[in-house]
Amino acid sequence: MPKTGAAPVKEKSPSKATGRSDAASAASAAQKAMAKLGLVRDIDIALHLPMRYEDETRVTRLADAREGDTVQIEGEVTACEVAYRPRRQLVVTLNDGTDVCVLRFFNFYPSQQKALAVGMHVRARGELRGGFLGWQMLHPTCKSAATDLPTALTPVYSTVAGLPQPYLRRAVLGALPHAALDETIPAGHLPPKAWPLRESLQFLHHPTPDVSLATLEDRSHPAWQRLKAEELLAQQLSQLQSRRDRDALRAPALVAKRDGLHERLLAALPFMLTNAQRRVGEEIANDLARTVPMHRLLQGDVGSGKTIVAALAACLAIDEDWQCALMAPTEILAEQHFRKLIGWLEPLLAPLGKRVAWLTGSQKKKERNEMLALIASGEAALVVGTHAVIQEQVQFQRLALAVIDEQHRFGVAQRLALRAKMASSGQEPHMLMMSATPIPRTLAMSYYADLDVSNIDELPPGRTPIVTRVVADSRRDEVVERIRAQIGQGRQVYWVCPLIEESEALDLTNATATHEALSAALHGLRGLRGPSGEPVLVGLLHSRMPVAEKKAVMALFTGGQMGVLVSTTVIEVGVDVPNASLMVIEHAERFGLSQLHQLRGRVGRGAAASACVLMYATGEGGRLGETARARLRAMAETQDGFEIARRDLEIRGPGEFLGARQSGAPLLRFADLTEDASLLQWARELAPLMLDAHPDLAQRHVARWLATRAEYLKA
Ligand code: ADP
Ligand code: MG
């Protein structure tokens with residue numbers, strides 16, 4: 001007797017679906033779906049663990065059942081007929097000796113009807129509903145009562161369309177005995193309280209009904225401990241291996257020269273470096289002085305002054321006649337860097353006959369060709385740009401240092417492409433990755449284990465704390481008043497609208513409407529600095545504007561002629577206008593925490609007291625969602641980037657926090673870094689020992705866990 005719950009059945013062609021060729025094509029579709037899930041090798045299938053379990057080991061007496069329970073009942077069919085009202089359905093009555101239950105099927109095969117004929121003994125599993133007319137089950141899974149009751153809980157796997165549970169269950173049953181599950185953890189080093197791997201998998205796929213479901217759900221069971229330990233170990237091994245592989249490569253040693261560019265730039269700066277900047281500068285300089293390629297992540301809150309640290313590192317390379325590249329994720333950000341770096345470096349480079357080059361996608365062909373020539377000849381000591389920097393036509397003469405700003409916005413492939421720009425010399429460039437989104441410690445230990453990390457944990461002096469207020473958007477008028485006051489004092493204001501990804505048009509309407517409303521509200525207002533007292537300009541910046549127009553608007557705002565800049569999130573990173581002292585974020589509830597933090601960092605850069613207004617709109621229910629509320633509260637309570645990152649991780653969990661692209665390491669499927677910190681520690685200690693003393697075991701272990709994801713592990 002077929003399981004009726006096995007596959008969704010279309011009412012229209014009940015007779016055809018049993019044909020052989022259909023079965024064959026369903027099987028091949030299932031195979032394709034398996035491949036899509038990465039379930040290719042026996043070991044991959046064995047490691048596809050259940051999301052939850054169903055207990056089919058027991059039969060419940062109807063007299064003992066409660067409404068709403070999902071139960072298994074067993075009894076004799078006393079009636080079976082097709083009814084037509086309110087729609088066509090098969091109605092079966094089952095009597096288990098204590099009570100009766102009606103089973104209803106809206107889609108059914110004739111074969112099912114036969115199997116549920118009067119007099120048959122049947123076991124049905126489904127959710128029990130009560131009701132005026134007695135017990136009912138809708139579309140229960142049925143089988144003959146003659147089949148043995150299973151002795152283990154039934155696993156339920158995560159799956160995709162075209163891949164039914166029974167197919168997956170059979171696949172797991174078939175794969176488990178063949179999967180390579182031999183011990184790879186050296187004797188004496190097993191994590192405490194963990195079972196052997198084969199027993200663990202056997203158990204997790206088919207746990208005995210006496211197990212405490214809670215230990216399976218919270219994954220504290222020794223079988224789960226083993227799986228999590230295995231996974232963390234694979235991650236540590238692969239990252240340590242890639243670090244060691246890199247250590248075997250060569251990079252040019254860049255040593256600071258007496259009276260060199262580094263010294264001269266420092267002397268020319270209008271400010272003193274903070275202690276934190278000095279410290280990370282030394283960490284970077286030490287790396288660069290070695291012949292091993294640097295891979296360092298420079299973390300520092302918004303406004304902490306990462307750019308100058310990068311520029312000083314570039315000086316070390318340029319002094320030795322090497323080239324440097326700096327890549328930023330957006331054109332606006334790249335251009336800000338370009339301006340700043342030109343200001344700092346061009347006066348020092350010009351006497352040496354060297355230049356700073358500029359590369360972006362929107363560039364005119366002629367200018368671009370000029371830049372390409374400068375880069376190829378080596379005359380461009382520093383190249384600043386967007387993704388255009390890693391395009392094929394860009395040929396560096398001698399690239400020694402690559403800096404990636406907002407590194408989490410780039411994928412692994414792009415980092416690799418930048419590294420490859422040095423291919424001809426047989427050496428590797430040093431890599432400096434910068435991020436304003438600090439990564440909490442356990443995450444860094446896990447996902448960034450192959451990187452060295454430097455932190456700028458101090459802001460330059462003179463920054464004023466930013467007062468943050470969360471207000472409902474019904475108080476928009478008060479906010480506009482606030483803007484008037486700021487402009488009256490000669491200050492500038494950002495007004496940020498959310499980017500609505502599903503609908504660029506809607507996004508535009510939103511920003512455009514706000515722009516118009518503000519223009520009207522502030523019309524004729526004078527008071528922005530400048531002797532002529534021009535009326536206030538309200539500008540608009542959004543993602544679909546031509547680059548030239550964006551630049552013109554930015555120039556007005558940066559130059560102080562524009563009072564209010566209404567924009568979508570294009571200003572999110574890197575824009576630096578110290579005179580701006582108020583940031584209004586509309587629909588703040590739609591932004592992520594780190595995004596809000598980055599946006600807020602655009603103000604508080606000058607001497608004036610600054611404020612950030614987080615304006616929220618309540619949804620249909622008139623209330624803010626739980627996580628949105630948590631985000632806004634965090635913003636109001638703290639300004640510390642690390643604290644914000646910690647809360648962000650708490651709210652979102654690591655998968656979303658990192659995004660699949662942020663790190664070179666594959667996302668953990670089983671381990672949870674907040675709960676499994678001690679297993680992570682265990683893995684960190686074992687990994688170097690294994691690579692040294694048991695390289696063959698280490699290799700087998702990594703292959704077991706990561707072979708099908710190897711492409712992630714190289715950047
Ligand atoms: P971020 O780390 O967010 O990229 P930036 O490098 O853009 O920060 O620096 C923010 C601003 O602070 C810039 O205008 C920069 O010139 C300035 N700055 C950097 N370091 C210092 C310092 N030690 N003292 C004063 N101002 C500084
Ligand atoms: Mg920056």
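Let me begin by describing the structure that accompanies this report. Keep in mind the model is a prediction, meaning the values are calculated, not measured.

## Quick notes on the environment of Trp358
No. 1: Topologically, Trp358 is positioned in strand E11 (residues 355–359).
No. 2: With relative accessibility at 7%, the residue Trp358 sits in the buried group.
No. 3: Separated by 26 residues in sequence, Trp358 and Val384 place their C-alpha atoms 5.1 Å apart.
No. 4: With sequence-adjacent residues up to four places away left out, Trp358 is seen in contact with Glu331, Ala334, Glu335, Phe338, Gln363, Glu367, Met371, Val384 and Gly385.

## Digging into the site of ligand 1
No. 1: Near ligand 1 you find 18 residues, and of these Met272, Gly303, Lys306, Thr307 and Asp576 are the closest.
No. 2: Within the backbone of Met272, a nitrogen or oxygen atom sits 2.7 Å from a nitrogen atom of ligand 1.
No. 3: Calculation on ligand 1 without its partners gives an accessible area of 570 Å², and the protein chains cover 85% of this total.
No. 4: If you list the elements that add at least two residues to the shell around ligand 1, you get helix H10 (306–319) and helix H11 (331–349).
No. 5: Taken together, the residues of the shell around ligand 1 break down into six nonpolar, six polar and six charged.

## Things to note about the pairing of strand E2 (residues 70–83)
No. 1: Here seven bridges tie E2 to strand E5 (residues 121–127), and the two strands are oriented antiparallel to one another. Pairing of Gly75 across the sheet is with Val122, part of E5.
No. 2: Where E2 meets strand E3 (residues 89–95), seven bridges bridge the pair, whose relative direction is antiparallel. Each residue of the ladder has a partner; that of Cys80, found in E3, is Val92.

## Points about the packing of aromatic side chains
No. 1: For the structure shown, the criterion picks out five aromatic pairs.
No. 2: Relative to Trp358, the ring of Phe338 lies with its centre 5.0 Å away and its plane at 25°, an arrangement referred to as stacked. Residue Phe338 is found in helix H11, and its partner Trp358 is found in strand E11; the two are separated by 20 residues along the sequence.
No. 3: Under the relative-accessibility criterion, Phe338 is labelled buried at 15%.
No. 4: Summarising the aromatic geometry, the rings of Tyr494 and Phe557 are spaced 5.0 Å apart at their centres and angled 50° between planes, so their arrangement reads as tilted. Taken together, the residues span a long stretch of sequence, with Tyr494 in strand E17 (residues 492–496) and Phe557 in helix H17 (residues 547–558) at a distance of 63 residues.
No. 5: Take Tyr494: its relative accessible area is 0%, and that puts it in the buried class.
No. 6: Accessibility expressed as a relative area gives 0% for Phe557, which makes it buried.

## What to know about the sheet that holds strand E12 (residues 380–385)
No. 1: As summarised here, the arrangement of the seven strands in space is E11-E12-E10-E13-E14-E9-E15, forming an open sheet in which the pairing is parallel. At either margin of the open sheet sits one strand with a lone partner, and together these are E11 and strand E15 (452–456). Here the strands of the sheet are splayed against their neighbours by 20° on average, with no regard to which way each runs.
No. 2: Those strands touched by H11 are strand E10 (323–327), E11 and E12, and its axis lies near 165° from that of E11.
No. 3: The strands touched by helix H13 (residues 412–420) are strand E9 (295–300), E10, strand E13 (399–404) and strand E14 (430–435); relative to E13, the strand with the most contacts, the crossing angle is about 160°.

## As for the environment of Leu163
No. 1: Examined against the element boundaries, Leu163 turns out to sit in the loop between strand E8 (154–156) and helix H4 (165–175).
No. 2: Separated by 131 residues in the primary sequence, Leu163 and Lys32 have C-alpha atoms spaced 8.8 Å apart.

## Describing the nonpolar core
No. 1: Ranked by internal contacts, the top residues of the largest apolar core, which has 131 residues, are Leu227 and Leu265.
No. 2: With eleven residues, the top contributor of residues to this core is H10.
No. 3: Discounting chain neighbours no more than four positions away, the residues touching Leu227 are Leu47, Leu49, Leu197, Ser200, Leu201, Leu204, Phe670 and Trp705.

## As for the packing of helix H8 (residues 261–268) against H11
No. 1: Between H8 and H11, the least distance of the axes is 10 Å, while the angle of their chain directions is 125°. Comparing their axes, H11 and H8 come out oblique. H11 is crossed by H8, and the crossing has right-handed handedness. Where H8 approaches H11, its residues Leu261, Arg264 and Leu265 are matched on the opposing element by Trp344, Leu345, Leu348 and Leu349.
No. 2: In the contact of H8 with H11, the residues fall into six nonpolar, no polar and one charged.

## Details of unusual backbone geometry
No. 1: The peptide bond linking Arg85 to Pro86 adopts the cis configuration, its omega dihedral lying at -5°.
No. 2: Within the secondary structure, Pro86 sits in the loop between E2 and E3.
No. 3: One non-glycine residue, Asp259, lies in positive phi territory at about 60°.
No. 4: Mapped onto the secondary structure, Asp259 falls in the loop between helix H7 (222–247) and H8.

Rules used in this analysis
- Residues numbered from 1 in each chain as written.
- Chains lettered and ligands numbered in written order.
- Predicted model: local features only at pLDDT ≥ 70, side-chain atom pairs only at ≥ 80, totals over all residues.
- Heavy atoms only, no water.
- Helix = DSSP H or I, 4+ residues; strand = E, 2+ residues; numbered from the N terminus.
- Buried < 20%, exposed > 50% of the residue type's maximum accessible area, 1.4 Å probe, protein only.
- Contact = heavy atoms within 4.5 Å.
- Near = heavy atom within 4 Å.
- Polar contact = N/O pair within 3.5 Å; in protein donor to acceptor, adjacent residues only side chain to side chain.
- Areas by Shrake-Rupley, 256 points an atom, 1.4 Å probe, with all protein chains shown as cover.
- Nonpolar A, V, L, I, M, F, W, Y, C, P; charged D, E, K, R; others polar.
- Pairing = 2+ DSSP bridges.
- Phe/Tyr/Trp six-rings, centres within 6.5 Å; stacked < 30°, edge-to-face > 60°.
- Axes fitted to C-alpha atoms, helices over the stretch in contact; angles between N-to-C directions.
- Core = buried A, V, L, I, M, F, W, Y, C linked by side-chain atoms within 4.5 Å.
- Parallel < 35°, antiparallel > 145°, perpendicular 65-115°, else oblique.
- Left-handed = near helix turned anticlockwise from the far one by under 90°.

Geometric descriptors of this kind do not, in isolation, establish any biological role.
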